[in-house]
Amino acid sequence: MLPKRRSCGEGGRRGDPVISCDVTTPAILWFRRDLRLYDHAALLAAARRSESVLAVFVLDDNLLRPAGASRRDFLYGCLRELDERLGHRLLLRHGDPAEVLPELAERVGAGSVHVSADTNPYGSRRDERVRDALRERGVDWEVTGSPYAVTPGRITKADGNPYKVFTPFRRAWSEHGWPPPAETGVDTVDWMSPEGLDGVPVPDGEQAAAPDLPPPGETNALRRWDGFVESGLPEYDQQRDRPDIAGTSRMSAYLHLGCVHPRTMLRDLSQLDHHGAGSYRNELAFREFYADVLWNWPDSARYNFDTRFDRMPLDTGSEANTLFDIWCAGRTGFPIVDAGMRQLLQEGWMHNRVRMIVASFLVKDLHLPWWWGARHFMLHLVDGDLASNQHGWQWAAGSGTDAAPYFRIFNPTTQGERFDPSGEYVRRYVSELRDVGGKRVHQPWKFDGAQAPDYPAPVVDHSHERQEALARYGRIKNS
Ligand SMILES: Cc1cc2nc3c(=O)[nH]c(=O)nc-3n(C[C@H](O)[C@H](O)[C@H](O)COP(=O)(O)OP(=O)(O)OC[C@H]3O[C@@H](n4cnc5c(N)ncnc54)[C@H](O)[C@@H]3O)c2cc1C
């Protein structure tokens, strides 16, 4: 599968320009959210510049601190795998990349630093600082590719403005297209030894991480993807909304850290013509859409995209804090909500349908700010991704780009009965309800308390809170 070694200066793909490379001046490949060797456009670019490449990853506290234990643990696992595959030639440094990279470039005499684009607000600002610091020392900064099939910011409407609505974006995205996967691998370059460059070991796994995280790294990502294409994808369009069935790919954490490039997956999808493949492609387009929205409106990570929602009355204060803690712990008394919140703590992941249900519950039943929920998700999700998470939350809150209409309020009980019809999902995560058979499990208040004595009563009356949410919305909708 992995390509054979090219000689320096040889074009990677048909039609690629051939740039003669320098065998004496090394290049640096700075890994970030691209922890893989196959389909790595920046690695190909580095190979065109030099035969000898230093692989670097910088542990940056600005990113590590808010990541949460599960995402850090998964990251460390991915770094360990990458390091092993590179024959222990991944240099890990701790610090500010704007200081680490120029210092390293000087020490090894590198002529260029190669990266995949980071289009998140922090990443873009950091990269400008790194680029400027390198240029001051005469080192080239070369950005090739990104974690997306189409780099955010590239697709615009005919009038030059970015898209705010998904469906036309997806159409334009498909028409724009993307190149085939870059045929790269461990043999694409000679990896420099990091000896004597003050590397630090990959940190130990995190005690506080969720106990059931996915196995890390590119090899596991490709293995999971191949298995899903074979056995899950044909039914994906039928099963993707069912949390009780393992009907989705669970590729999100791998995509987030770039253990696989979406282009690799889109190439595989293009060779299939069933509905499952079409539906999966649509979800990948959502990921690209939200990244594009974040690139164009970086403030949408923190503020309501629809500013009418700035006037939405929200609950705060000690009672609100208590309700928030109950929601976080999965003790609301609504089984599907509690199952989702407990799955998050156990696996660092939650099924998409249930993410929508718990988000709607926080915003429309508890009347709490969406960003409280988004923050909790970002702390616990192994796939926590600023663009997909914040915009997923804004969608649920009704304040985002083509968001769910605010007046469409999920009823957690009927959602549970519809998407977890046998109650299997709830029983898996809510131990107090494990012995309750069938879909009755979605309405524990209806059966004798002795059957589930430790399970809490509902914290709110859904029909009452639904009316309250609509009344609050009525106050802002025409403003
Ligand atoms: C409130 C909320 C918060 C979310 N937070 C995140 C997050 O932090 N990180 C994240 O990757 N996804 C997030 N999502 C989107 C979605 O829930 C996850 O991508 C999905 O559950 C991941 O599981 P999977 O890989 O099995 O998905 P699959 O159904 O197999 O989908 C395949 C891939 O498509 C992408 N995708 C699917 N649905 C969406 C979507 N709605 N938006 C964007 N991309 C999508 C993901 O990369 C996913 O891995 C959020 C959704 C909501 C409603």
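- An unreviewed UniProt entry annotates the protein as Deoxyribodipyrimidine photo-lyase of Actinopolyspora mzabensis.
- In the Sequence similarities (unreviewed entry) part of its UniProt record, the protein is described as follows: "Belongs to the DNA photolyase family."

### Considering the UniProt feature "domain: Photolyase/cryptochrome alpha/beta" (unreviewed entry) in the protein
Here's step 1: As recorded in UniProt, the feature "domain: Photolyase/cryptochrome alpha/beta" (unreviewed entry) lies at residues 25-149.
Here's step 2: Secondary structure over residues 25-149 splits into 49% helix and 21% strand, and the C-alpha atoms at its two ends are 31 Å apart.

### Considerations on the site of the ligand
Here's step 1: Neighbouring the ligand are 27 residues; Tyr236, Thr248, Ser249, Arg250 and Asn352 lie closest to it.
Here's step 2: At 2.7 Å, a side-chain N or O of threonine 248 approaches an oxygen atom of the ligand.
Here's step 3: A distance of 3.1 Å separates a nitrogen atom of the ligand from a polar atom in the side chain of asparagine 389.
Here's step 4: Contact with the protein chains removes 96% of the 810 Å² of surface that the ligand exposes when unbound.
Here's step 5: Secondary structure elements with two or more residues in the shell around the ligand: α9 (252-257), α11 (275-296), α14 (352-365) and α16 (386-397).
Here's step 6: Counting residues per element, the shell around the ligand draws most heavily on α11, which supplies six residues.
Here's step 7: Residue composition of the shell around the ligand, grouped by class: 13 nonpolar, eight polar and six charged.

### A closer look at the pairing of strand β3 (residues 90-94)
Here's step 1: For β3, the tally of buried residues reaches four of five residues, placing the bulk of the element in the interior.
Here's step 2: With five bridges joining them, strand β2 (residues 52-59) and β3 adopt parallel strand pairing. Bridge pairing in β3 places phenylalanine 57 opposite leucine 92.

### Some remarks on the packing of helix α12 (residues 318-329) against helix α13 (residues 335-347)
Here's step 1: Where α12 contacts α13, the axes come no closer than 7 Å and their chain directions differ by 70°. Taken together, α12 and α13 sit at an angle that is classed as roughly perpendicular. When α12 is examined against α13, the residues Trp327, Cys328 and Ala329 are found in contact with a partner set consisting of Val337, Met341, Arg342 and Leu345.
Here's step 2: Partitioned by chemical class, the residues of the contact of α12 with α13 number six nonpolar, no polar and one charged.

### Notes on the packing of helix α6 (residues 166-176) against α11
Here's step 1: Where α6 meets α11, the axes come as close as 10 Å, and the angle between the chain directions of the two elements is 105°. Put simply, α6 runs roughly perpendicular to α11. In contact with Phe166, Phe169, Arg170, Trp173 and Ser174 of α6, α11 contributes Arg281, Asn282, Ala285, Phe286, Glu288, Phe289 and Asp292.
Here's step 2: When the residues that make up the contact of α6 with α11 are grouped by side-chain class, the tally is six nonpolar, two polar and four charged.

### Focus: the domain arrangement of the protein
Here's step 1: In terms of domains, the protein is made up of domain 1 (13-146), domain 2 (147-183 + 216-296) and domain 3 (307-473).
Here's step 2: On a C-alpha basis, the centres of domain 1 and domain 2 stand 24 Å from each other.
Here's step 3: Across the boundary between the two partners, domain 1 contributes 26 residues, which contact 27 residues of domain 2.
Here's step 4: Where domain 1 abuts domain 2, roughly 2,400 Å² becomes buried across the two surfaces, and 55% of that area is made up of carbon and sulfur atoms.
Here's step 5: The tally of links from domain 1 across to domain 2 stands at two salt bridges.
Here's step 6: At the junction of domain 1 and domain 2, the tally comes to 18 residue pairs in polar contact (both at pLDDT 80 or more).
Here's step 7: Mapped by element, the contributors of at least two residues to the side of domain 1 that touches domain 2 are α1 (41-49), α3 (69-85) and α5 (121-136).
Here's step 8: Of the residues that constitute the side of domain 1 that touches domain 2, the class distribution is ten nonpolar, seven polar and nine charged.

### Some words on the environment of tryptophan 393
Here's step 1: Relative to the assigned elements, tryptophan 393 resides in helix α16.
Here's step 2: The spatial distance from the C-alpha of tryptophan 393 to the C-alpha of glycine 217 is 28 Å, given a sequence separation of 176 residues.

### Considering α1
Here's step 1: A large share of α1 lies buried, amounting to eight of its nine residues.
Here's step 2: Next to the buried residues of α1 lie β1 (27-31), β2, β4 (112-115), β5 (140-143), β6 (190-191) and α10 (262-270).

### What to know about the nonpolar core
Here's step 1: Grouped together as the largest cluster of nonpolar side chains are 66 residues, with contacts concentrated most on Phe31, Leu79, Trp191 and Tyr280.
Here's step 2: The element contributing the most residues to this core is α11, with nine residues.
Here's step 3: Mapped onto the domain boundaries, this core takes at least three residues apiece from domain 1 (13-146) and domain 2 (147-183 + 216-296).
Here's step 4: When sequence neighbours within four positions are dropped, the list of residues in contact with tyrosine 280 reads Trp225, Phe228, Leu233, Tyr236, Ser249, Met251, Met265 and Leu269.

### Side note on the pattern of salt bridges
Here's step 1: This structure, assessed with the given rule, holds 27 salt bridges.
Here's step 2: Its salt-bridge partner being aspartate 306, residue arginine 308 comes within 2.8 Å of it at the nearest N-O pair.
Here's step 3: With relative accessibility at 23%, the residue arginine 308 sits in the partly exposed group.
Here's step 4: As a salt-bridge pair, glutamate 432 and arginine 342 come within 2.7 Å of each other at their nearest N and O atoms. Linking glutamate 432 in the loop between α18 (424-429) and α19 (462-476) with arginine 342 in helix α13, this pair joins segments that are 90 residues apart in sequence.
Here's step 5: Glutamate 432 gets classed as buried once you look at its relative accessible area, which sits at 16%.
Here's step 6: Among the residues examined, arginine 342 registers a relative accessible area of 14% and is labelled buried.
Here's step 7: Taken together, the shared-partner salt bridges in this structure form one network comprising Arg32, Asp118, Arg126 and Asp127.

### Details of the environment of glycine 416
Here's step 1: You can see glycine 416 is positioned in helix α17 (residues 412-419).
Here's step 2: A relative accessible area of 0% means that glycine 416 is categorised as buried.
Here's step 3: Counting along the chain gives 80 residues from glycine 416 to isoleucine 336, while the straight-line C-alpha distance between them is 5.5 Å.
Here's step 4: If we skip the residues at most four places from it in the chain, glycine 416 touches Ile336, Pro421 and His442.

What counts and what doesn't
- The residue numbering used here restarts from 1 in each chain and proceeds along that chain's sequence as written.
- Local features in a predicted model are, by the rule used here, given only for residues with pLDDT of at least 70; side-chain atom pairs are given and counted only at 80 or more, and totals for whole chains, interfaces and linings are based on all residues.
- For the side-chain quantities, the full set of heavy atoms in the structure was used; hydrogens and water were omitted.
- UniProt positions are given in the numbering used here, feature names are shortened, and annotations may be inferred rather than shown by experiment.
- Each helix is a run of H or I in the DSSP string that is no shorter than four residues. Each strand is a run of E no shorter than two, and both are numbered from the N terminus.
- One heavy atom suffices: a residue is near a molecule or strand as soon as one of its heavy atoms comes within 4 Å of it.
- Under this definition, polar contacts are N or O atom pairs within 3.5 Å; protein pairs additionally need one hydrogen-donor-capable and one acceptor-capable atom, and for neighbouring residues in sequence, both atoms have to be side-chain atoms.
- Per-residue and other accessible areas were derived by the Shrake-Rupley procedure at a 1.4 Å probe size, with only the shown protein chains allowed to occlude residues.
- Under the grouping applied here, Gly and all other residues not named as nonpolar or charged are polar, the nonpolar ones being Ala, Val, Leu, Ile, Met, Phe, Trp, Tyr, Cys and Pro and the charged ones Asp, Glu, Lys and Arg.
- Any residue under 20% of the maximum accessible area for its type is buried, any over 50% is exposed, and the rest in between are partly exposed; the area is computed with a 1.4 Å probe on protein chains only.
- Two strands pair under a simple rule: DSSP has to find at least two bridges between them.
- To define axes, lines are fitted to C-alpha atoms, for helices over the stretch in contact only, and angles between the resulting N-to-C directions are given on a 0 to 180 degree scale.
- Angles below 35 degrees are treated as roughly parallel, those above 145 as roughly antiparallel, those between 65 and 115 as roughly perpendicular, and all remaining angles as oblique.
- Only heavy atoms enter the contact rule, under which two residues are in contact if any of them lie within 4.5 Å.
- Domain boundaries shown here were taken from an automatic or database domain assignment.
- Once two parts are joined, some of their accessible surface, as seen by a 1.4 Å probe, is lost; buried area is that loss totalled over both.
- In the sections that follow, a salt bridge refers to a side-chain nitrogen of Lys or Arg positioned within 4 Å of a carboxyl oxygen of Asp or Glu.
- The term nonpolar core refers to a set of buried residues drawn from Ala, Val, Leu, Ile, Met, Phe, Trp, Tyr and Cys, joined through side-chain atoms within 4.5 Å.

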